[in-house]
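Chain and residue survey
Next come the chains, spelled out residue by residue.
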Amino acid sequence: SVPEPLGSLGVAHATSISPFRFAGIDFLAVSANASTIVILQHVASPSDGVRGGGEALFAASVTAAAPGVVFTKSLLVGGRQFLAASLDGSAGEEGGTVLYELAASVNGSANLTVVQNVSEDASVLDIAHLSYLSRDFLLELTDSELRIYEWDHTLDTFVGGDVAPLANFSAILTISNATGLFLVAAGPADSIIFPLHPPSNFSTIALYTDGAVSLGKPATALAYLPRGATHLLALSSPGNLTVLLGDGAPYTSLLVLDADGGATINAAASPAVEFASEGGTDYLLRGGSVYKIAGSALLSGTTVVTASEGIAAFTDLTIDRQGSYRLAFSPVTLDAAHASTASWLAARAFSSRDLPVLASGAARLVQTSANVAGVAPEVKVVDAGGNDAATEEDWLVTAVLDDTDEFNILSDIQEMTTMSARDVTHFTIDTTHFLAIANNFDGITYRVDSQLLLFANGTLRLVQSLATRGAYGVSAFAIESYPNISAGVVPSKASEHFLAFANHYDDAAGFATQSEIFKWNASTETFETFQRIGTLGATHIEPFILNGAPHLAIANFFDGTVHAVASEVLRYSSSSARFERVQTLTTHGAHHVAHLAYKGRHFLAVAQFRAADEVSLSASSPLFAWSDAASAFLRVASIGSSAAMHIETFTFGGAAFLAVANYRNSSTGARAVASTVLELRCSSGVDSLHVRQEIATQGAVKWKHFMRGGEHFLATSFWAPAASDAAGNHVKVYRGAVPPGSLVPEFEEYATVASKGVFATEYFFAEGAHYVFQAVPGDGTSLLQQTVSSSADSPPRFFALTTGGAASFPAMAAARVNLTGVAFDALPLDASPAASTL
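Bear in mind the structure is a predicted one, so any value in this text is a computation, not a measurement.

Criteria and cut-off values
- Residues numbered from 1 in each chain as written.
- Predicted model: local features only at pLDDT ≥ 70, side-chain atom pairs only at ≥ 80, totals over all residues.
- Heavy atoms only, no water.
- Helix = DSSP H or I, 4+ residues; strand = E, 2+ residues; numbered from the N terminus.
- Polar contact = N/O pair within 3.5 Å; in protein donor to acceptor, adjacent residues only side chain to side chain.
- Salt bridge = Lys/Arg side-chain N within 4 Å of Asp/Glu carboxyl O.
- Buried < 20%, exposed > 50% of the residue type's maximum accessible area, 1.4 Å probe, protein only.
- Phe/Tyr/Trp six-rings, centres within 6.5 Å; stacked < 30°, edge-to-face > 60°.
- Lys NZ or Arg CZ within 6 Å of the ring centre and 35° of its normal.

Residue placement: His-591 occurs in strand E46 (residues 590-598). Among the polar contacts made by the side chain of His-591, one reaches the main-chain carbonyl oxygen of Met-645 at a distance of 2.8 Å.

Structure below.
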């Protein structure tokens, strides 16, 4: 295929463009006029999705003087974003490599500053970056030698290392995989791959000519793409393109296009080459042409296990592409039986037999059409890995115009009788939508039943009452496994569904009551008591997965005397089929606990309401991080808060955030207090929190993050229990976007929703429509609402049957006059109309 131009970048006399992604935002670093580095930041589409003539895809974010700049290379070192710029010395300044850092200032705006003159040589032809085992190296290619610099975390600079003769090459790249570390050098006569360490010794990084392998192809441009234990290597020069598959040598030739072969390419086209991934498919881009690469695969599941009696069992592995594969296994720790590293490396070389991987059943819908106004939307049914699903079923697909601006218009659908509802959660079991309501008090007793509601045909129906005691929070989760695995058969995933109620108070036991976990019985289609856990004024139970095992974190608030009660972490034991206590967390008046997985790390953020003196309101909340060494969660930071009642964790563009709902000013007691959005950064083993936004709130009790039409939203519930403050009861919704010139998102007020004193809200999409549920602790009635396009009409819906697993909506091409999003929903024809499954 041939890509179409999208518009001008607005930078003249450019000599290089380096794309990179930092803090969840896409950037282009452009070398311009041999004097300046211009950082362009991706600009999100306008709210209507249509770009006018003056609306660019990228906008200038920051510029920096770089006299004689030829090109830049992006380096991410310890979570910090650098640009290494090659200067040719033509502007009367010293040539060589200069290191710039892109960072956010206190107000969130971007700055690009010089942090080091790495070298002073006007003949730097290329720059490469190597990251290995927390060590970072910068490699410089000149017309006669290769220089290797290593990052010094104490000095915060690159320091000099190995210098080796290397001539007649113009481009380099580094490769790191299970077999070793390599440098690929491309030149007009040949391309050669060099080891960067001695055999079986990874501690010394240098250029080694022993073991160098000629690739037999001249090249002026290189590209590299990891693919499991192997990788793809592209060698490009005018009129030549070769793609190789291997692990460092030998290589298998996958594609050769040159003047000597049967297939040729345009010799006049630019030889610049790059790999890209989109929608689970890998591509090679060269000279205005795009080549699709088949067979990319991703291994998922628990890939690190502890051996029991000499057996390591991997029970939940999945591969997301059909094909034949081998699994490679290696020990994590050194065995004392091996006298040397070389002996251990030889012993770990083990792989499985060929394993055929087949497509599984329907899991989701993916859009296959271009997202362009006037084009008929098309979708297809795929399995969890994105393959065409292995199903012969016909599906009925519903499409609805998903205009986010409709949120301001809500239609009341149904009032539900609840009893001081404190929490609500939406979940699905197979093809059915449910809401679970945590009821706290009926005015007489705390021994009131919580509720399980079935959503069908646009309304809610009570299907089960669940015995709870002053319930304060409810969470839904599933424990998944693959119980029956045999060769050549797609294994079916077994999901056991649970509801966890945090019981806060009991008429007889007081705060020292038991919280309860219910398990779904598929035969009776009801939840049954699974396990009772002793808690102290529990307010929330947070389910999460850590090291492949289900866990629960319980926030304990009060024991009837003091708030200095520990919260707890429990882990599911497959042998006892119960959750078992594994750790206590030092907390004080914990009102909520939230889990966040980010950059391979696991965090628990606890919202603390009461201070240590048992009278004041807390001005801080703890953040815990999982430590493999300690096999426990350790406190790593303190979150500034003010009588915090809830923390919502979410990711936005690859960055991690915490939204803290502050209920009262910890100094004055007033409900008027700012709630905060903080960014969590993990860099070089250090976890830090940065306040990114303060939002004026009045008695905020809960945040809720949700996405709609590809956009991020935060909704907060304002609760004023006193009748005199009833006017303060409402929900505010904020929409997030990254403003030009900034590295972090900002949330702007988007909609205000009236309420009768809502304590929690839930947002869900079902049966082709968006719904909001308000859990109200006040007058005994909670509310289901639907977003509509006018005060009386629902958004227009369109229907199509799948053909070969795909469905098209030509009638929507005319109705979709702009880039308003489209939401899709699908169900098998033999299911009930309310059974929304995809």
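The next subject is the pattern of salt bridges. Enumeration over the complete set of coordinates arrives at 20 salt bridges. Asp-126 serves as the salt-bridge partner of Lys-73, at 2.5 Å between the closest nitrogen and oxygen. Here Lys-73, found in strand E5 (residues 69-77), pairs with Asp-126, found in strand E9 (residues 126-132); they are 53 residues apart in sequence, far enough to count as distant. Of the residues examined, Lys-73 reaches a relative accessible area of 28% and is grouped as partly exposed. A relative accessible area of 8% places Asp-126 in the buried class. Its salt-bridge partner being Arg-681, residue Glu-679 comes within 3.4 Å of it at the nearest N-O pair. In this structure Glu-679 comes out as buried when scored by relative accessible area, which is 4%. If you follow the salt bridges from partner to partner, you end up with Arg-80, Glu-101 and Asp-156 in one network.

What follows is about the packing of aromatic side chains. According to the stated counting rule, one finds 34 aromatic pairs in the structure shown. Seen from their ring centres, Phe-652 and Phe-747 are 6.2 Å apart, and the 90° between their planes marks the pair as edge-to-face. Of this pair, Phe-652 sits in strand E50 (residues 644-652) while Phe-747 is found in strand E57 (residues 746-754), placing the two residues 95 residues apart along the sequence. Here a set of aromatic residues connected by ring pairs shows up, and it is made of Phe-441, Tyr-446, Tyr-505, Phe-511 and Phe-558. Just above the ring of Phe-530 sits the side chain of Arg-578; from NZ or CZ to the centre is 4.6 Å.

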